[in-house]
Amino acid sequence: MRPIIRGDIPTENAIPITFAHYGKALPHLVRRIGLYCSYCGKRIENSPAIEHICPKSVDPSLELDWNNFLLACKNCNSIKHVHPDNINESKKDYFWPDEDDTFNIFTYEYSGKINVKNSIPPEIKEKAKKTLELTGLNRYDRGDEIPLKRREAWGVATESLSDLKKCETEEMKRQIIRTAVSRGYWSVWMTVFRNENNILKSLIDLFPGTNTKYFSYIYQDNLLSKTENSEKLINLANRFQIPNEQSSFHE
Ligand SMILES: [Zn+2]
């Protein structure tokens, strides 16, 4: 689960926008965090949903609150919505991609399964486990077969790594990033390429809004600064992202 920065409330003429309907926040969210599901990580091809972290049925005052919004695919949105804990417990009982390091608490397996990382302290482990249950990321009874799609992404990422080992060129690296950005499943790519620092940096830089603060260990070598790396590959990202706030979306 990719940790993200949503940023401050978007402004219009330097004034924070008041959303008449939460759907109006969609293009702003897409610009900030990319067209990816905040939970399963897939690139959302159809019907992106504004996900309310605290459900609007539980606290109607947060229905239009920018800081309560994430983007989700239709299935993740509805699975979380109907989970019984969604109304019985509070936000602090779970990890959230806009507040926590939601990458380094899980491990991603080639089978498509996500596990809670063994090395984390027990109290964190329980919270991480509950986060997985709430979001249903390991459920095989979902309409969109997300664990299978994640396994498929693992296969593509593994083949890409194998190609890179045979032919370590800038062109190959760009092709790999292009594939990752267009498919999504950021966490799978981050796992498969865990020993390839330059690829990791590109994945962090080019999936919009990734919270870099949890990945200082990747930038430690200083061989390529974040800015240099971004400039090098930014053109690749542009073709996959929403160019400006005037873009129209159906809600
Ligand atoms: Zn999803």
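Predicted model only: the values in this text are computed from it and were never measured.

Asker: I would appreciate a short explanation of the overall build of the protein chain in the present structure.
Answerer: Assigned secondary structure in the protein chain consists of 10 helices and six strands. With 251 residues in all, the protein chain has 35% of them scored as buried. The contacts of the protein chain with a sequence gap of at least 6 include a subset with a gap of at least 24, amounting to 68%.

Asker: Looking at this model, I keep getting lost on helix 4 (residues 122–135). Mind explaining?
Answerer: Helical geometry note: an α-helix holds 3.6 residues per turn, so side chains three or four residues apart project in the same direction. With 14 residues, helix 4 ought to run about 20 Å at 1.5 Å a step, and its terminal C-alpha atoms sit 20 Å apart, in line with that. Three or more residues of helix 4 are buried, namely A128, T131, L132 and T135. Mapping the buried residues of helix 4 onto a view down its axis gives an arc of 95°, with all of them on the same face. Exposed and oriented more than 90 degrees from the buried face of helix 4 are P122, E123 and E126. Just downstream of helix 4 lies G136, where phi reads positive at about 65°.

Asker: Would you mind showing me how to read unusual backbone geometry here?
Answerer: Glycine aside, a negative phi is what most residues show, and trans is what most peptide bonds show. A positive phi angle is found at N13, which is not glycine, with a value near 50°. Looking at where N13 falls in the secondary structure, it is placed in the loop between strand 1 (11–12) and strand 2 (15–16). Not every positive phi belongs to a glycine, and A14 is a case in point at roughly 65°. Mapped onto the elements of the fold, A14 is located in the loop between strand 1 and strand 2.

Asker: How do you make sense of the nonpolar core when you look at a structure like this?
Answerer: The nonpolar side chains of soluble globular proteins are, as a tendency, buried together. One finds C37, L71, A72, V188, W189 and L203 to be the most contacted residues of the largest nonpolar core, which totals 54 residues. For this core, the element with the highest residue contribution is helix 7 (residues 186–192), accounting for five residues. Look past the residues within four positions of C37 in its chain and what remains in contact with it is K42, I44, L71, A72, C73 and C76.

Asker: Which parts of the structure should I look at to understand the pairing of strand 3 (residues 49–52)?
Answerer: Side-chain direction in a regular strand flips from residue to residue, so the side chains alternate between the two faces of the sheet. The alternating pattern of strand 3 places A49 and E51 on one face and I50 and H52 on the opposite face, and all of these are buried. In this sheet, strand 4 (residues 69–72) lies alongside strand 3 in antiparallel orientation, the contact comprising four bridges. Looking at strand 4, one finds that I50 is bridged to L71.

Asker: Explain the packing of helix 6 (residues 170–183) against helix 8 (residues 197–206) to me, please; I cannot follow it from the model alone.
Answerer: The angle between the axes and the distance between the axes are what describe a pair of packed helices. Two elements in contact, helix 6 and helix 8, have axes whose closest approach is 10 Å; the angle formed by their N-to-C orientations is 40°. Accordingly, the angle class assigned to the pair helix 6 and helix 8 is oblique. Two packed elements cross with a definite hand, and for helix 6 against helix 8 that hand is right-handed. Here K173, I176, I177, A180 and V181 of helix 6 come into contact with helix 8, specifically with N198, I199, S202, L203 and L206. Among the residues making up the contact of helix 6 with helix 8, the classes are represented as seven nonpolar, two polar and one charged.

Asker: Help me understand the environment of K213, please; the structure alone is not making it clear to me.
Answerer: Within the fold, K213 resides in the loop between helix 8 and helix 9 (216–219). Separated by 209 residues in sequence, K213 and I4 have C-alpha atoms that sit 9.9 Å apart.

Asker: Can you help me understand helix 1 (residues 26–33) in this one?
Answerer: Counting buried positions along helix 1 yields six of eight residues, so the element is predominantly enclosed. Among all positions of helix 1, only L26, H28, L29, V30, R32 and I33 are buried. Structurally, helix 1 contributes buried residues whose contacts are with strand 3 and strand 4. A positive backbone phi angle near 80° is found at G34, which sits one or two residues after helix 1.

How each quantity is defined
Residues numbered from 1 in each chain as written. Predicted model: local features only at pLDDT ≥ 70, side-chain atom pairs only at ≥ 80, totals over all residues. Helix = DSSP H or I, 4+ residues; strand = E, 2+ residues; numbered from the N terminus. Buried ≥ 20, exposed ≤ 12 C-beta atoms within 10 Å, placed from the backbone. Contact = placed C-beta atoms within 7 Å. Expected span 1.5 Å × (residues − 1). Arc of directions from axis to C-beta. Core = buried A, V, L, I, M, F, W, Y, C linked by C-beta atoms within 7 Å. Pairing = 2+ DSSP bridges. Axes fitted to C-alpha atoms, helices over the stretch in contact; angles between N-to-C directions. Parallel < 35°, antiparallel > 145°, perpendicular 65-115°, else oblique. Left-handed = near helix turned anticlockwise from the far one by under 90°. Nonpolar A, V, L, I, M, F, W, Y, C, P; charged D, E, K, R; others polar.

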